[in-house]
Amino acid sequence: MHALAFYLFSAVSLGSAVTVITARNPVHSVFFLILAFFSSAGLFVLLHAEFLAMMLVVVYVGAVAVLFLFVVMMLDIKRPEIKPWFVPKMRILTFSLLWFLAYLTSFVLFAGVTMALALLLVQQLIGRAVDFLTPGLVLVAIILLSFVLAGGLTEFFFKKICRKGWGKIFRAFRQAVPMGTIILAVLAVEALAVTHIWLRPSDSEEVLMAPAPPDMVLPNTHALGQLIYTDYIYVFQAVGLVLLVAMIGAIVLTLRRRPDVKRQNIGAQTRRSREEAVRLAKVEFGQGVGGS
Amino acid sequence: MDIGLNHYLILSALLFFLGLVGVILARKNIITVLMSFELMLLAVNINFVAFSFYLGDLVGQIFVLFILTVSAAEVAIGLAIVMLYFRNRATVDLQDISVMKG
């Protein structure tokens, strides 16, 4: 039952996310963004975070999405022509996807086989099972080598099976491969570090910053309130300041004063003195006051 | 099938990259860029809450609260800027916003 709810909410949120970026009518995009927020609120409820689910509905849907709707309807956004916006990019999208899948498959094959062989070899040499991080540098070197080899292999096969028009795309991709490999190497090192540092929840009682009380003891809202107003009060006030600045900024940016609209000047009204407000006039019998 | 942390992490990663695709490949409408950015923030929020639940730590949820408020503030300012730009240029088509030639 829990699994059904999770898959339902996540399918709806992913589907509506796809529709947000591919809808032709921008009002439809906003509607599906609202649907994504609602299904994510459902996911939050599944994760026992009811207060955050309500905050998502109230703040994101009730304020942010409505603001989007207002702006979309205020600006004269023309609906695009019949072809959707991503059709010219379709070739690059398919090509990127295929390239990425081929790269990933060949990388997994290379790295997996080499890693297993290396670990077996080290095990044979040392005579006992090795810790995961001990051949760490060797592993990183294997990963980098696998990336380069996988890239070369995929390009080789792609050149064999592709038609002529992909030459420019190939060149563009080849320019991005060195930087991409560097970034991927950094990510691989970080992933390795995470696997070594990650503590299981049962071991980590002393590193929890704010242990959550069980649900039956304290509701989620109460527990969050106990934390926000004590340990995180400074962050709370800072966020209030951020909201104040945002409010002032939005007003300052978009306030327009029309020159032909009469409005009150309260300061001038309260600065009025008796001398300019009251005038004593001696009036003859039968004559009006006259003059000003 | 037991729903574990990995399920939520994969969902959050997929949502994040969908938002990223929307930000990078948007061509027609700057509002689409802002909405895809909101999708990315939503993915990060799901990530935080999933970790908060599976580690038993409430800090994740507090951080989500702050991400929520800061993103609301940023959307307000971003839309004010978009409206100002539209007042001056009468278009929000991303192809036409090329004064800086970036």
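Everything quoted here is computed from the prediction, not taken from an experiment. (Residues numbered from 1 in each chain as written. Chains lettered and ligands numbered in written order. Predicted model: local features only at pLDDT ≥ 70, side-chain atom pairs only at ≥ 80, totals over all residues. Heavy atoms only, no water.)

## Considerations on the overall build of chain B
Part 1: Across its full length, chain B carries 3 helices and 0 strands.
Part 2: Reading the secondary structure of chain B in the N-to-C direction produces α-α-α.
Part 3: When the 102 residues of chain B are sorted by exposure, 53% land in the buried category.
Part 4: Partitioning the contacts of chain B with sequence separation of at least 6, the portion at a separation of at least 24 is 62%.
Part 5: Accessible surface computed for chain B: about 4400 Å², of which carbon and sulfur atoms make up 71%. (Helix = DSSP H or I, 4+ residues; strand = E, 2+ residues; numbered from the N terminus. Buried < 20%, exposed > 50% of the residue type's maximum accessible area, 1.4 Å probe, protein only. Contact = heavy atoms within 4.5 Å. Areas by Shrake-Rupley, 256 points an atom, 1.4 Å probe, with all protein chains shown as cover.)

## Considering the interface of chain B and chain A
Part 1: Listed by partner, the interface residues are 59 residues for chain B and 69 residues for chain A.
Part 2: Buried surface at the junction of chain B and chain A, both sides included, amounts to about 6000 Å², of which 82% is carbon and sulfur.
Part 3: Viewed at the interface, chain A and chain B are joined by 0 salt bridges.
Part 4: Summed over the shared surface of chain B and chain A, the number is 4 residue pairs in polar contact (both at pLDDT 80 or more).
Part 5: Of all the secondary structure elements, the ones that give two or more residues to the side of chain B that touches chain A are helix H1 (5-25), helix H2 (30-55) and helix H3 (59-89) of chain B.
Part 6: With 23 residues, the top contributor of residues to the side of chain B that touches chain A is H3 of chain B. (Buried area = accessible area lost by both parts, 1.4 Å probe. Salt bridge = Lys/Arg side-chain N within 4 Å of Asp/Glu carboxyl O. Polar contact = N/O pair within 3.5 Å; in protein donor to acceptor, adjacent residues only side chain to side chain.)

## Some remarks on the side chain of Ser71 of chain B
Part 1: Mapped onto the elements of the fold, Ser71 of chain B is located in helix H3.
Part 2: The exposure class of Ser71 of chain B is buried, given its relative accessible area of 1%.
Part 3: When neighbours within four sequence positions are excluded, Ser71 of chain B is seen to be in contact with Tyr60 of chain A together with Glu38 and Leu41 of chain B.

## Comments concerning the nonpolar core
Part 1: Counting 68 residues, the largest nonpolar core has Phe44 and Phe68 of chain A together with Tyr8 and Ile31 of chain B as its most contacted members.
Part 2: At the level of secondary structure, the elements contributing two or more residues to this core comprise helix H1 (2-22), helix H2 (26-46), helix H3 (50-74) and helix H7 (220-228) of chain A together with H1, H2 and H3 of chain B.
Part 3: Here Phe44 of chain A is in contact with Ala49, Leu52, Ala53 and Leu56 of chain A together with Asn45, Ile46, Val49 and Val64 of chain B, once residues within four sequence places are set aside. (Core = buried A, V, L, I, M, F, W, Y, C linked by side-chain atoms within 4.5 Å.)

## Overview of H7 of chain A
The α-helix winds at 3.6 residues per turn, so residues separated by three or four positions along the chain end up facing the same way.
Part 1: When we look at burial in H7 of chain A, the residues that qualify are Asn220, Ala223, Leu224, Leu227 and Ile228 of chain A. Summarising the axial view, the buried residues of H7 of chain A lie within an arc of 130°, below the 170-degree limit, and thus occupy one face. (Arc of directions from axis to C-beta.)

## Topic: the packing of aromatic side chains
Part 1: In this structure the tally under the stated criterion is 8 aromatic pairs over all chains.
Part 2: Ring centres of Phe37 of chain A and Tyr60 of chain A lie 4.5 Å apart, and the angle between their planes is 5°; on these two criteria the pair is classed as stacked. On the criterion of sequence distance, the pair formed by Phe37 of chain A in helix H2 and Tyr60 of chain A in helix H3 is long-range, its members being 23 residues apart. Exposure class is identical for Phe37 of chain A and Tyr60 of chain A. Each is buried.
Part 3: Ring centres of Phe48 of chain B and Phe63 of chain B lie 4.9 Å apart, and the angle between their planes is 45°; on these two criteria the pair is classed as tilted. (Phe/Tyr/Trp six-rings, centres within 6.5 Å; stacked < 30°, edge-to-face > 60°.)

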